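Each chain, letter by letter, is given below.
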Amino acid sequence: MYYQILMDSNQIPIHSKKEFEGMRNAGALTASILDKLQNIINPGISTEEINEFCHNIILKNGAIPAPLNYKGFPKSICTSVNHVVCHGIPNKNKILQSGDIINVDITVILNGWHGDSSRMFAVGKINKKTHLLLKTTYECLMLGIAIAKPGKHLGDIGYEIQKHAESKNFSVVKDFCGHGIGKKFHTPPSVLHYGNMGEGPELKPGMFFTIEPMINIGDWRVKILKDNWTAVTKDKSLSAQFEHSVGITETGNEIFTLSQNNTDLPINVL
Ligand code: MF3
Ligand code: CO
Ligand code: CO
């Protein structure tokens, strides 16, 4: 979601208990597809094959791939390899090699509800620094989720993420952010992955949004390629991202897109 289209935080939808059920089902489908990917993401597979694999499972489950034709996006999922920050377009000529890292970002629409989540996968063997990037990015997401509860502020999430990323000398991408989600793909609020404690609107039960930090080994700046989608780091340094869809509850939050076999951090990244 583009930071430029900052959304009016006064209009954050509040959802009922019943509406949590819709998100739970959509999120579970998204998670189950991501769970299956660890077995097929190996050297030699193309990003188009990953797209087809996901597309077929989504349709088989009576759901719709939200990215397909969304603002002209041509494929069913986003596949972002190495220095691609986000919104990479699956392509039959992009063959994964040992040492690559890839983010697969899946959003399904099931019974009208959006389940949006992404994970990093390591292809074959990756080096130590790359491994630290993936692990740190996952920790950033989970620290952001841990602080998301009633009475906290949206800025607290960004603060936690930025503090952890920078403690490892990595940088936080500022051009893209998390977003409200529900019956629509992208709603208020914009969830920044950097910021200050206490800033932004207070979190309230019934808010649904994604947290999806993008963390770079080098500089935070990005540029968009001529396809008008693919975002890459300007300095070509590696970039990682993890994403969950969450709902604020009375006591904390519910992660709608949690893995069903505890592989939110895929085993080849552990
Ligand atoms: N799933 C992405 C997100 O986290 C959005 C992808 S939009 C697309 O917000 F058009 F690029 F697919
Ligand atoms: Co998202
Ligand atoms: Co996403």
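None of these values were measured; they are calculated from a predicted model.

Visitor: I'm lost on a positive patch on the surface in this one. Help?
Guide: Taken together, Lys223, Lys226, Lys234 and Lys236 make up a surface patch of like positive charges. Among the secondary structure elements, Lys223 is positioned in strand 11 (residues 222-224).

Visitor: Is there a simple way to explain the coordination of the cobalt ion (ligand 3) in this structure?
Guide: When a metal carries six donors in an octahedron, the ideal angles between them are 90 or 180 degrees, while four donors in a tetrahedron ideally lie at 109.5 degrees. Every protein donor of the cobalt ion (ligand 3) is listed here as Asp105 (OD), Asp105 (OD), Asp116 (OD) and Glu243 (OE), and their distances to the metal cover 2.0 to 2.3 Å. Between the six donor atoms coordinating the cobalt ion (ligand 3), the angles at the centre fall across 58 to 167°, so the site counts as irregular. All donor residues of the cobalt ion (ligand 3) come from one chain, and their arrangement in sequence is D-x10-D-x126-E. Between the cobalt ion (ligand 3) and the cobalt ion (ligand 2) the interatomic distance amounts to 3.3 Å, and Asp116 serves as a bridging ligand to the pair.

Visitor: I would appreciate a short explanation of the pattern of salt bridges in the present structure.
Guide: Side chains that carry opposite charge are capable of pairing whenever their charged atoms lie near each other. Tallied over the entire structure, the rule returns six salt bridges. In this structure, Glu254 and Arg24 form a salt bridge, with 2.6 Å as the shortest nitrogen-oxygen distance. Note that Glu254 is positioned in strand 15 (residues 253-255) and Arg24 in helix 1 (residues 17-40), a separation of 230 residues in sequence. The residue Asp219 makes a salt bridge to Arg221 at a minimum N-O spacing of 2.9 Å. Taking relative accessible area as the criterion, Asp219 reaches 30% and is therefore assigned partly exposed.

Visitor: What is the right way to read helix 3 (residues 128-146) from this model?
Guide: Every α-helix carries 3.6 residues per turn, so stepping three or four residues along brings you back to the same face. Under the 1.5 Å per step criterion, the end-to-end length of helix 3 is 27 Å for 19 residues, consistent within 8% with the ideal 27 Å. At the N-terminal boundary of helix 3, the capping side chain belongs to Asn127, with an oxygen 3.2 Å from the backbone nitrogen of Lys129.

Visitor: Would you explain the nonpolar core in this entry?
Guide: Inside soluble globular proteins, nonpolar side chains tend to come together where they are buried. Judged by nonpolar contacts, the single largest core of 33 residues is most densely connected at Leu134, Ile157, Leu203, Phe209, Ile211 and Ile215. Those elements that provide at least two residues to this core are strand 5 (113-122), helix 3, helix 4 (154-167), strand 9 (208-211) and strand 14 (244-248). When residues in this core are grouped by element, the largest group, six residues, is from helix 3. By size, the runner-up hydrophobic cluster in this structure holds 28 residues, among which are Ala26, Leu37, Val81 and Leu96.

Visitor: What should I look at first to understand the site of ligand 1 in this one?
Guide: Taken together, the neighbourhood of ligand 1 is formed by 14 residues, with Pro67, His179, His186, Glu212 and Glu243 sitting nearest. Within the side chain of Glu243, one N or O atom sits 3.0 Å away from an oxygen atom of ligand 1. For ligand 1, whose unbound accessible area comes to 340 Å², protein coverage reaches 99%. Across the shell around ligand 1, the residue classes tally to six nonpolar, four polar and four charged.

Visitor: Sorry, what's going on with the coordination of the cobalt ion (ligand 2) here?
Guide: Protein-derived ligands of the cobalt ion (ligand 2) are Asp116 (OD), His179 (NE2), Glu212 (OE) and Glu243 (OE), with the metal-ligand distances lying across 2.0 to 2.2 Å. A residue is classified by how much of its surface remains accessible, and Glu212, at 5% relative accessible area, is buried. A relative accessible area of 1% places Glu243 in the buried class.

Visitor: What exactly am I supposed to notice about the side chain of Glu212 here?
Guide: Looking at the secondary structure, you find Glu212 in the loop between strand 9 and strand 10 (214-216). Here Thr210 takes part through its side chain, which lies 2.8 Å from a polar atom of the side chain of Glu212. Filtering out sequence-adjacent residues up to four positions away, Glu212 remains in contact with Asp116, Cys177, Gly178, His179, His193, Gln241, Phe242 and Glu243.

Visitor: Would you explain the packing of aromatic side chains in this entry?
Guide: Two measures describe an aromatic ring pair: the distance that separates the ring centres and the angle between the ring planes. Within this structure, the stated rule accounts for seven aromatic pairs. Ring centres of Phe20 and Phe256 lie 5.7 Å apart, and the angle between their planes is 65°; this geometry places the pair in the edge-to-face category. Remark: Phe256 occurs in the segment after strand 15 and Phe20 occurs in helix 1; sequence separation between them is 236 residues. Taken as a pair, Phe20 and Phe256 share a single burial class, namely buried. On the basis of an interplanar angle of 70° and a centroid distance of 6.4 Å, the ring pair of Trp113 and Phe208 is categorised as edge-to-face. Of the two residues, Trp113 sits in strand 5 while Phe208 sits in strand 9, which places them 95 residues apart along the sequence. One exposure class covers both Trp113 and Phe208, and it is buried. Through a chain of ring-to-ring contacts, three or more aromatic side chains come together here, namely Phe20, Trp113, Phe208 and Phe256. Lying across the ring of Tyr194, Lys174 places its NZ or CZ 5.5 Å from the centre. Lying over the aromatic face of Trp220, Lys174 brings its terminal NZ or CZ to 4.4 Å of the ring centre.

Scoring rules and cut-offs
Residues numbered from 1 in each chain as written. Chains lettered and ligands numbered in written order. Predicted model: local features only at pLDDT ≥ 70, side-chain atom pairs only at ≥ 80, totals over all residues. Heavy atoms only, no water. Patch = residues over 30% accessible without salt bridge, like charges linked within 9 Å, V, L, I, M, F, W, Y side chains within 5 Å. Areas by Shrake-Rupley, 256 points an atom, 1.4 Å probe, with all protein chains shown as cover. Salt bridge = Lys/Arg side-chain N within 4 Å of Asp/Glu carboxyl O. Lys, Arg positive; Asp, Glu negative; His and termini not counted. Charge placed at Lys NZ, Arg CZ, Asp CG, Glu CD. Helix = DSSP H or I, 4+ residues; strand = E, 2+ residues; numbered from the N terminus. Donors = N, O, S within 2.8 Å, 3.2 Å for Na, K, Ca; no water. Tetrahedral: all angles 85-135°; square planar, octahedral: opposite > 155°, others 65-115°. Buried < 20%, exposed > 50% of the residue type's maximum accessible area, 1.4 Å probe, protein only. Expected span 1.5 Å × (residues − 1). Polar contact = N/O pair within 3.5 Å; in protein donor to acceptor, adjacent residues only side chain to side chain. Core = buried A, V, L, I, M, F, W, Y, C linked by side-chain atoms within 4.5 Å. Near = heavy atom within 4 Å. Nonpolar A, V, L, I, M, F, W, Y, C, P; charged D, E, K, R; others polar. Contact = heavy atoms within 4.5 Å. Phe/Tyr/Trp six-rings, centres within 6.5 Å; stacked < 30°, edge-to-face > 60°. Lys NZ or Arg CZ within 6 Å of the ring centre and 35° of its normal.

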